[in-house]
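Each chain is listed here by its residues.
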Amino acid sequence: MISGAKRLRVYRRDGYACGDCGRQMAPFDQMLSLDHTLPRSKGGTDTESNLVTMCEPCNQRKRNRVPDGADHFALWLHEYRRLAGVFTAADPGR
Ligand SMILES: [Zn+2]
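Because the structure is a prediction, the values reported are computed rather than measured.

Quick notes on the overall build of the protein chain
The helix and strand tally for the protein chain stands at three helices and two strands. Ordered by position from the N terminus, the helices and strands of the protein chain form the series α-β-β-α-α. A buried classification covers 10% of the 94 residues belonging to the protein chain. In the protein chain, 53% of the contacts between residues at least 6 apart in sequence involve partners at least 24 apart.

With respect to the environment of Ala17
Inspection of the secondary structure assignment puts Ala17 in the loop between α1 (4-13) and β1 (32-36). Measuring from C-alpha to C-alpha, the distance between Ala17 and Pro27 comes to 9.9 Å, with 10 residues separating the pair along the chain. Contact partners of Ala17, with chain neighbours within four places excluded, come to Gly22, Arg23, Gln24, Met25 and Thr53.

Describing the environment of Pro27
Within the secondary structure, Pro27 sits in the loop between α1 and β1. With 9 C-beta atoms counted inside 10 Å, the residue Pro27 sits in the exposed group. Residues Pro27 and Gly15 lie 12 residues apart in sequence; the distance between their C-alpha atoms is 8.9 Å. Those residues within four positions of Pro27 in sequence are excluded, and the remaining contacts are Tyr11 and Tyr16.

Calculation criteria
- Residues numbered from 1 in each chain as written.
- Predicted model: local features only at pLDDT ≥ 70, side-chain atom pairs only at ≥ 80, totals over all residues.
- Helix = DSSP H or I, 4+ residues; strand = E, 2+ residues; numbered from the N terminus.
- Buried ≥ 20, exposed ≤ 12 C-beta atoms within 10 Å, placed from the backbone.
- Contact = placed C-beta atoms within 7 Å.

As structure tokens, this is what we get:
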């Protein structure tokens, strides 16, 4: 798992700023949390280079938006297909 010392190193590296919304936090702020750049479900590791500082609200929003088993690419593909459907006159699937 991620040790406290590693967390602090990542927070300090990122300047205690959320990698998503840019919220500036103070050291030891309760809002501070970590996120994996490459999800563990996709083989991401707990190395510092794969970790990014994130505020708790963003992390929670992300957890709610990304169900277990899903990943960014799948969501992106879904969104892309939805948009493509809007702009494509004939949808062969219907
Ligand atoms: Zn944030």
